[in-house]
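Each chain is listed here by its residues.
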Amino acid sequence: MDSFITALLHITQPANLIAVLGGTLLGMLSGATPGVSGTMMVVLLIPLTYTLEPDTAFLLLISVYCSAVFSGSISAILFRTPGAPEAVATTLDGYEMTKQGKPHEALGISVYSSAVGGLLGGAALILVAPQLAKIALAFGPPEYFAMAIMGLSVVTTLGAKNMVKALLVALFGLFLATVGIDPMAGIPRFTFGLPSLMSGIDFIPVLIGLFAISEMLRQVMQDHTVTIKLGKIKTTLPNFLMQKRLVPTIFGGSVLGTIIGILPGIGATTAAMVSYSEAVRWSKTPEKFGTGHPEGIAAPESSNNAAANGAMVPLLALGIPGSATTAVMLGAFVLHGLKPGPLLFTEQAEFINTIFLGTMIANALILIVAPFFIRGFANIIRIPYPVLGPVILILCIIGSYAIRNNMTDVWLTLGFGVLGYILEKYASPSRPSSSASSSEPWRNRNSGARSSCRKAATASSSTAPSPPS
Amino acid sequence: MSEGSYGIFFDSPIAAILIVVSILSFFAPLVVNLYKKMKTGAAATGK
C-alpha cells in the first residue's frame, strides 16, 4: 500500500504528467500517420529517454504504446488507410460509416471502445501480472531455460506464417546474442577483432534497424499520400443507449484481446481480427457487419487496446515480450539498467505501481485527448512520406549514435535496417529475431539458463544457414 | 547434474511442462489445418 501511495505521488509530479500527456499525443500522431507505427515511435524515443528518470521514461513509452494502438483507427475510418496494422479490421465498418456521412459517430465509437478496452486490459495487467510474478519467484535456472525455449517456439509457431523461416530467424537472433566476449571462458566470439564488438551487439541499434529503418525502407516503396481533404472533424462519443448496446461487444473484445495479448508473439493485430470475426459469429444480425455497423468498430478497437495492455503481462512478470512493441520496450529496460521479471515486483514495487497507474491514466486520456487531437490534427496526418521518411532516418541515426557515442552502432543500425527489410520482403518477419536476441539480457541473470541457451545457440549457429545480406 | 538427480525435466515439473508445451506448439499449425479441413469437409458433405 505504501508503494502504491508513493507511486501516486510519483505520477502526479509535473514531469511525469507531461510525459504521459506528451506520450499520448505523440502516440496518436504516430499511430494516425500511415507509415509511422507506434513501435517505430517507441524505438525512436528510447535513446531520447536515456537522460530521463526510469519512471518518466517508461510513462512516456507506455503512453505512446497505448494511444498509438487506438489512433491507427483515425485514418482507417476517415481515409480507409489504416494508420497501424491493428486498425485493419476497423476499416471495414469505420469507412462505411464515413461514406454514410457519420465519421464523427464512427470516431466516437472508436475512441470510447479503445479507452474502455484499454482500461479493462490495464485492469487485467494489474491483477494478473503480480500473481504471475509470484509464481515466477520460485523459478530457477531450469524453469527460465524452459521458458526461453517456450517463448521462442511460440513466437515461431503461432506468430508467423512460415514456421521454418521464422525458426531460422529466431536462431539467427540467438546467434547475434553470442557475439562478444564469452563471460564464462573469456574468449571473444565473432568480433572480427573489432574492439566495439567485444561487449556484444548492443540491443538498441538492432531494434532501431529492424523496426524503424526497415519499416521506413518498406514504406518509401509505397505511396501513402492521402489526397482526400477533410474539414474540421468532430468526435461524437456514443450516447447512453449506444454505450449500453456496445457493452457485450466491448467486453467480449476486451477479454479476447487480453488473452491473445498475454500469449507471446501474437499481438494486437491478430486480436482485432479474431474479435471482429467472433463479433460477427455471436451477432444476431451478422449481415450488417461491413455495412457501417457500430459493433464492427467496437469489437476490434476494444480488443486491440486490451491486447496491447495484455502484452505487458509477460513482459513485466517474466521478462518475455508479448508483442513487437513490448520486445522494443525490453530494450528500454536494458538501457535504464532494469531487469523485467518477478524480482522487479519485489525490488522495484514503486516503479511497477507507477507503470500500472500510468497505463490506466494513458488509457483514460484517450477518451479526453482524442476528440481534441482529431479536431486539430486530422489533416496533419496527410504529411507526404518523402518528407517524413528522411526525418525518421535522421532521428534513427542520431538515436543509435547517441547511446554510446559510437559510429559502429550507426553502421549496425543501417545494416540491420537493410537486413530487416530483406527479411520482411523475402523471407520472414524480423520479429522472432528481435525476440531471440532480446532474451539475452534476462538470460544473463541465470548462469544455468545462460549456459544452456548459449550452448544451444552456439550449436545451432554452426548448422543455421547464413542470413541473407 | 548432481548424483541422484535425473536432470531438469524430472527435477522441475514446471520446466518439464513448459518444454512439452514448446514441443506441442510446433504441431499447432498442423492441428489448425486439420480442423479447417474437417470443417470444410463437413460443410461439403452437409454433415
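Residues numbered from 1 in each chain as written. Chains lettered and ligands numbered in written order. Predicted model: local features only at pLDDT ≥ 70, side-chain atom pairs only at ≥ 80, totals over all residues. Heavy atoms only, no water.

Colleague: Please clarify how the overall build of chain B should be interpreted in this entry.
Modeller: Helices and strands together make up the secondary structure of chain B, namely three helices and zero strands. Reading chain B from its N end, one meets helices and strands in the order α-α-α. Residue burial in chain B is summarised as follows: out of 47 residues, 21% are buried. If you sum the accessible surface of chain B, you get close to 3900 Å²; carbon and sulfur atoms cover 73% of it. (Helix = DSSP H or I, 4+ residues; strand = E, 2+ residues; numbered from the N terminus. Buried < 20%, exposed > 50% of the residue type's maximum accessible area, 1.4 Å probe, protein only. Areas by Shrake-Rupley, 256 points an atom, 1.4 Å probe, with all protein chains shown as cover.)

Colleague: Looking at this model, I keep getting lost on the overall build of chain A. Mind explaining?
Modeller: Helix and strand content of chain A: 20 helices and two strands. Put simply, chain A has 469 residues, and 59% of those count as buried. At a minimum sequence separation of 6, the contacts of chain A that also span at least 24 residues come to 79%. Surface summary for chain A: the accessible area is close to 18500 Å², and the carbon and sulfur share equals 67%. (Contact = heavy atoms within 4.5 Å.)

Colleague: What exactly am I supposed to notice about the pattern of salt bridges here?
Modeller: All names here are of chain A. Across all of its chains, the model carries five salt bridges over all chains by this definition. Residue E215 pairs with R218 through a salt bridge whose shortest N-O separation is 3.2 Å. Placement of the pair is E215 and R218 together in helix α9 (residues 203-220), with a separation of three residues, close to one helical turn. Judged by relative accessible area, R218 falls into the partly exposed class, the value being 30%. The closest approach of N and O atoms between R245 and E295, which form a salt bridge, is 2.9 Å. Taken together, the residues R245 in helix α10 (residues 240-262) and E295 in helix α12 (residues 295-310) connect sequence positions 50 residues apart. (Salt bridge = Lys/Arg side-chain N within 4 Å of Asp/Glu carboxyl O.)

Colleague: Is there a simple way to explain the side chain of T91 of chain A in this structure?
Modeller: Residue and element names in this part refer to chain A. Here T91 lies in helix α5 (residues 88-99). Overall, the relative accessible area of 12% leaves T91 in the buried class. Among the polar contacts listed, one links the side chain of T91 to the backbone oxygen of A87, at a separation of 3.2 Å. In this structure, T91 is in contact with A76, R80, P82 and E96, ignoring residues within four places of it in sequence. (Polar contact = N/O pair within 3.5 Å; in protein donor to acceptor, adjacent residues only side chain to side chain.)

Colleague: Is there a simple way to think about helix α6 (residues 103-136) of chain A in this case?
Modeller: Each α-helix winds once per 3.6 residues, and so residues spaced three or four apart point in a common direction. Here α6 of chain A spans 46 Å end to end across 34 residues, near enough to the 50 Å set by a 1.5 Å rise per residue. Taking the largest bend as the criterion, α6 of chain A deviates by roughly 25°, centred on V128 of chain A, and proline P130 of chain A comes between one and four positions later. (Expected span 1.5 Å × (residues − 1). Bend = angle between axes of the 7 residues up to and from the residue.)

Colleague: Would you mind going over the packing of α5 of chain A against helix α11 (residues 267-282) of chain A with me for this structure?
Modeller: In a pair of packed helices, the angle between the axes and the distance between the axes together describe the arrangement. All names here are of chain A. One way to put it is that α5 packs onto α11 with a least axis distance of 8 Å and a crossing angle of 45°. Between α5 and α11, the angle falls in the class oblique. Only A272, M273 and Y276 of α11 make contact with α5, whose side of the interface consists of A89, L92 and D93. Classifying every residue of the contact of α5 with α11 gives five nonpolar, no polar and one charged. (Axes fitted to C-alpha atoms, helices over the stretch in contact; angles between N-to-C directions. Parallel < 35°, antiparallel > 145°, perpendicular 65-115°, else oblique. Nonpolar A, V, L, I, M, F, W, Y, C, P; charged D, E, K, R; others polar.)

Colleague: Honestly, the interface of chain B and chain A in this entry has me stumped. Any pointers?
Modeller: You'll often see interface size given as the accessible area lost when the parts meet. The partner chain A presents 15 residues to the twelve residues of chain B that form the contact. A combined buried area of about 1100 Å² lies between chain B and chain A, and 84% of that area is made up of carbon and sulfur atoms. Applying the counting rule to chain B against chain A returns zero salt bridges. The interface formed by chain B and chain A contains two residue pairs in polar contact (both at pLDDT 80 or more). Elements supplying a minimum of two residues to the side of chain B that touches chain A: α2 (13-25) and α3 (28-45) of chain B. The biggest single contributor to the side of chain B that touches chain A is α2 of chain B, with seven residues. Among the residues forming the side of chain B that touches chain A, the class breakdown is nine nonpolar, three polar and no charged. (Buried area = accessible area lost by both parts, 1.4 Å probe.)

Colleague: What exactly am I supposed to notice about unusual backbone geometry here?
Modeller: Trans peptide bonds make up the majority, and among non-glycine residues the majority have a negative phi. Residue and element names in this part refer to chain A. Positioned with a positive phi, F190 is a non-glycine residue whose angle comes to about 50°. Checked against the element boundaries, F190 lands in the loop between β2 (188-189) and α9. With a relative accessible area of 37%, F190 lands in the partly exposed category. Located in the positive-phi region is F192, a residue other than glycine, with phi close to 50°. Checked against the element boundaries, F192 lands in the loop between β2 and α9.

Colleague: Could you clarify how one ought to interpret the environment of L60 of chain A in this entry?
Modeller: Residues and elements named next belong to chain A. Of note, L60 is situated in helix α4 (residues 54-79). It is 4.7 Å that separates the C-alpha atoms of L60 and G23, two residues lying 37 residues apart in sequence. Residue contacts for L60: discarding those within four places in its chain leaves A19, G22, G23, L45 and T49.

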